Amino acid sequence: MTTGESGTTDSGQRPLSVIVAGGGTAGHIEPAMAVADALRRLDPTITITALGTQRGLETTLIPERGYRLELIPPVPLPRKPTMDLLRLPGRIRSAVARTRSVIAEVDADVIIGFGGYVCVPAYLAAGRGLLRRSRRIPLVVHEANVKAGIANKLGARRAARVLAAVPNSGVHAPGRRDAEVTGIPVRESIATLDRAGLRATAREHFGLPAQGPVLLVFGGSQGARRLNEAVSGAAEQLLAAGISVLHAHGPKNTFDLSHTVSESGDAKYVAVPYLSRMDLAYAAADATVCRSGAMTVAEVSAVGLPAFYVPLPHGNGEQEFNARPIVSLGGGRIVADARMTPKYVMDEVIALLTDTDALTKMSEAAAGAGHRDAADEVARIVAEVAGR
């Protein structure tokens, strides 16, 4: 479909205008960008506008992906009765007014929200009738976590479609008992990843040996001290077992490998602050030790990588819930934070990585539980809700 001089497509329609809202953390931004990419694949003429605030990662991540970013005032929702609660109504009015101006400026046809404080003004603004053609802007809400947040519970009340990563997330569109399960949208480089086909290239990229098992260790963009200490503490035993390690320890974290050698035979221990090519990291690995944030679980299962999921020990237990569906199908194991020690790595992680049959079965189970086509499915739903 192409766009003519009048601003319409060759079918005579004005190009679809979509607003995506999901700022603050990578867990909200990455699914939003994955769906934006999928919408462009569906129809290159679609106009994408992202909402964000100055506070979040979106100020960097969204422009890097080539999308227009419109900033609105942040509206964090206080969880305790403080002075911020008294300021909330004024903040909401200001943010909603700004969001309404963006909606009018881009002539939005539909809004899709992924949760977080960026979404509250978008959900409220979409419900106002003082916009183009005096109608409400239809909403699509996607919930990535097992337990829905406040913002998405609010948005679901007025949404045309409510989507979720897993069943029983606590959100649903009016008239439905539960949300539609689509999984979490992941970027195309992950959704289409051929781990086996890219294995040799990926290992060469990181300086890893072509043969032998590789353990991938990462704890999010900032790393995770518990994972760092547990795996580096078992470095000597991992290398002795012929297991190489690709370890993203975080830009502010370091660990000392002077007590052992960085290489043992053909195995290598490659430690890096950050992994900018997660697709290559997944392709190089045979299993991973990682946290179990929603996006991590979505990507790891989508590529069929066996995992030792180590949920964060604080909060409401959300990270453990994220991993449970994959683990229940045999695609990984949940390890309590306190249990992830060098001894656990020596006893359990080494045992799995040296058992080819067990690795294969776990990989097949993980791949069967993943949702590689989630981004394309959500994009189709957004276009459908917009009447295209």
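Residues numbered from 1 in each chain as written. Predicted model: local features only at pLDDT ≥ 70, side-chain atom pairs only at ≥ 80, totals over all residues. Heavy atoms only, no water.

1. Overview of the pairing of strand β9 (residues 244–248)
- Of all the 5 residues making up β9, 5 are buried; the element is thus mostly covered by neighbouring parts of the structure.
- The alternating pattern of β9 places Ser244, Leu246 and Ala248 and Val245 and His247 on opposite faces, both of which are buried.
- Direction of pairing for β9 relative to strand β11 (residues 267–272): parallel, over a ladder of 4 bridges. Counted as the bridge partner of His247 is Ala271 from β11. (Buried < 20%, exposed > 50% of the residue type's maximum accessible area, 1.4 Å probe, protein only. Helix = DSSP H or I, 4+ residues; strand = E, 2+ residues; numbered from the N terminus. Pairing = 2+ DSSP bridges.)

2. Overview of the sheet that holds strand β4 (residues 110–113)
- A sheet is described by the order of its strands in space; here 7 strands give the open sequence β3-β2-β1-β4-β5-β6-β7, paired in parallel fashion. Looking along the sheet, the strands with just one partner apiece sit at the ends: β3 (68–71) and β7 (180–181).
- Direction of pairing for β4 relative to strand β5 (residues 139–143): parallel, over a ladder of 3 bridges. Within the sheet, the bridge partner assigned to Ile111 lies in β5 and is Leu139.
- Most of the contacts of helix α1 (residues 26–42) go to strand β2 (residues 47–52), to which it runs at about 170°, and overall it touches β1 (17–21) and β2.
- Sitting on the sheet, helix α4 (residues 119–126) touches β1, β2, β4 and β5, and the angle it makes with β4 is about 150°. (Contact = heavy atoms within 4.5 Å. Axes fitted to C-alpha atoms, helices over the stretch in contact; angles between N-to-C directions.)

3. Let's talk about the side chain of Thr53
- Considering the arrangement of structural elements, one finds Thr53 in the loop between β2 and α2 (58–64).
- Once residues within four sequence positions are removed from consideration, Thr53 is found in contact with Glu58, Thr59, Leu71, Ile72, Pro73, Pro74, Tyr117 and Val118.

4. Topic: the packing of aromatic side chains
- Under the criterion given, the structure shown has 2 aromatic pairs.
- Centroid distance Phe218 to Tyr282: 6.3 Å. Interplanar angle 65°. Geometry classified as edge-to-face. A residue pair is termed long-range when its members are at least 10 positions apart, and Phe218 in strand β8 (residues 214–218) and Tyr282 in helix α10 (residues 278–284) qualify at 64 residues.
- Looking at Tyr282, the relative accessible area reads 1%, which means it is buried.
- Aromatic side chains Phe308 and Tyr344 sit 6.1 Å apart centroid to centroid with 85° between the ring planes, which places their arrangement in the edge-to-face category. Of the two residues, Phe308 is situated in strand β13 (residues 307–309) and Tyr344 in helix α13 (residues 342–353); the sequence distance between them amounts to 36 residues.
- For Phe308, a relative accessible area of 0% corresponds to the buried category.
- The buried category is assigned to Tyr344, whose relative accessible area is 9%. (Phe/Tyr/Trp six-rings, centres within 6.5 Å; stacked < 30°, edge-to-face > 60°.)

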